[in-house]
Amino acid sequence: MLVRPINPVFAAEVSDVDLCQPLSDGQRERIENEIQEFGVLVFRRQPITADQQVAFASSFGPLDTGLQTKLLNKVQNRLGHAALSDISNVDASGQVADRQHKQTIMTVGNMYWHSDASYEHHPFRYSILSSQAAASWGGQTQFADLRAAYDNLDERTRDLIRDKEAVFYANYTRDFLGIEDDEAQRQTYPPVRWPMVRTHPGSGRKLIWVDNKVFKVLGMSVPEGRVLVHELLEHIGQREHVYSHTWEAGDVVMWDNRSVLHRGRRFDLNERREMRRVSTVDDSSSLGELSFDELPRRWMAPENAEHAE
Ligand code: OGA
Ligand code: MN
């Protein structure tokens, strides 16, 4: 197995391994060690089947099935496997879905910086995404290193966030984007509290723990907290902390949700962009769940305004 750093800060390309085959113990350990350091591992020309992708991911821990069973099956279940998330703009019949289709809207919702399942009391550890069809323009996935971003943060802001807690809510970005989810969906995951500075267990490095799901910083007014999070996300997303992956069909990218954020980039929604994802569950947990009463006021579409508080 060969591991070549992609840039001076994080991310590496791994070659000389066949992901269609079961991993040896040595290969499994090597990948686990490398991802602790690099945060993102890119495997090119690995046309794995869905079952092979599930088998590969299972080498790194228990797989999440909650997202698919609690939420995504309500959109469609094209892949028919509780551990596989359909990250595509393809409808259940296999055609490119209409731009209004919930499946397409889901891909748009991935275009803000996030860590998968940061809004869950038990979040994800690794996500493994494979490409079946890539867009001819755009559609990259970008990754940002939260550890490098912490290292480069000014002293005063580090002091400010040192003991702060942020509240993450699953639907915050979707509400902001005007995605009209019903109340049942909005109450699937209660808001959770997380420390804004965490230590990554694999590398022992500190990191800034925020993403676009944060709607409140405890101990600050709502506007002050949101401005701070916005500023931190701008800092995290600066070029020197970012690796942008341009997809080709057959690529597999694995990332550590504990140390990097990611986002999808815009592409022509009339084109087919087809990926599938498997994620493992982390053993960390948030500082606790809040009640739904503490949810932010919804970004109200006029037809929903009558349900406003
Ligand atoms: C994901 C995700 C972004 C993209 O699969 O978790 O956020 O580029 N994907 O499709
Ligand atoms: Mn994601």
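Calculation rules
Residues numbered from 1 in each chain as written. Chains lettered and ligands numbered in written order. Predicted model: local features only at pLDDT ≥ 70, side-chain atom pairs only at ≥ 80, totals over all residues. Heavy atoms only, no water. Helix = DSSP H or I, 4+ residues; strand = E, 2+ residues; numbered from the N terminus. Buried < 20%, exposed > 50% of the residue type's maximum accessible area, 1.4 Å probe, protein only. Contact = heavy atoms within 4.5 Å. Donors = N, O, S within 2.8 Å, 3.2 Å for Na, K, Ca; no water. Patch = residues over 30% accessible without salt bridge, like charges linked within 9 Å, V, L, I, M, F, W, Y side chains within 5 Å. Areas by Shrake-Rupley, 256 points an atom, 1.4 Å probe, with all protein chains shown as cover. Salt bridge = Lys/Arg side-chain N within 4 Å of Asp/Glu carboxyl O. Lys, Arg positive; Asp, Glu negative; His and termini not counted. Charge placed at Lys NZ, Arg CZ, Asp CG, Glu CD. Near = heavy atom within 4 Å. Polar contact = N/O pair within 3.5 Å; in protein donor to acceptor, adjacent residues only side chain to side chain.

Engineer: For this particular structure, what's the right way to read the side chain of Thr157?
Structural biologist: Counting through the fold element by element, Thr157 comes out in helix H6 (residues 155–161). Among the residues examined, Thr157 registers a relative accessible area of 10% and is labelled buried. Among residues more than four places away in sequence, those in contact with Thr157 are Glu231 and Leu232.

Engineer: Help me understand the coordination of the manganese ion (ligand 2) in this model?
Structural biologist: The expected angle between donors at a tetrahedral four-coordinate metal is 109.5 degrees. At an octahedral six-coordinate metal it is 90 or 180 degrees. Coordination of the manganese ion (ligand 2) by the protein is provided by His114 (NE2), Asp116 (OD) and His262 (NE2), with metal-donor distances spanning 2.1 Å. Spacing between the donor residues of the manganese ion (ligand 2) along the chain follows H-x1-D-x145-H. Taken as a pair, Asp116 in the loop between helix H4 (102–109) and strand S5 (124–133) and His262 in strand S14 (residues 260–264) lie far apart in primary sequence, 146 residues in all. The exposure class assigned to Asp116 is buried, which follows from its relative accessible area of 4%.

Engineer: How do you make sense of a negative patch on the surface when you look at a structure like this?
Structural biologist: Side chains of Asp154, Glu155, Glu231 and Glu234 sit close together on the surface and give a patch of like negative charge. Within the secondary structure, Asp154 is located in the loop between helix H5 (146–151) and H6.

Engineer: Teacher, can you tell me more about the site of ligand 1 here?
Structural biologist: In the neighbourhood of ligand 1, 13 residues make up the surrounding shell, with His114, Thr141, His262, Arg273 and Arg277 lying closest. For ligand 1, an oxygen atom lies 3.1 Å from a polar atom in the side chain of Asp116. Contact between ligand 1 and His262: an oxygen atom at 3.0 Å from a side-chain N or O atom of the residue. Protein contacts shield 99% of the accessible area of ligand 1, which totals 290 Å² for the unbound molecule. At the level of secondary structure, the elements contributing two or more residues to the shell around ligand 1 comprise S14 and strand S15 (274–281).

Engineer: Mind showing me how you'd approach unusual backbone geometry here?
Structural biologist: A negative phi angle is the norm for most residues apart from glycine, just as the trans form is the norm for most peptide bonds. A positive phi angle, close to 65°, is found at Asp16, a residue other than glycine. Relative to the helices and strands, Asp16 resides in the loop between strand S2 (12–15) and helix H1 (25–38). You can call Asp16 exposed: its relative accessible area is 58%. Notably, Arg45 is not glycine yet its phi reads approximately 50°, a positive angle. With relative accessibility at 67%, the residue Arg45 sits in the exposed group.

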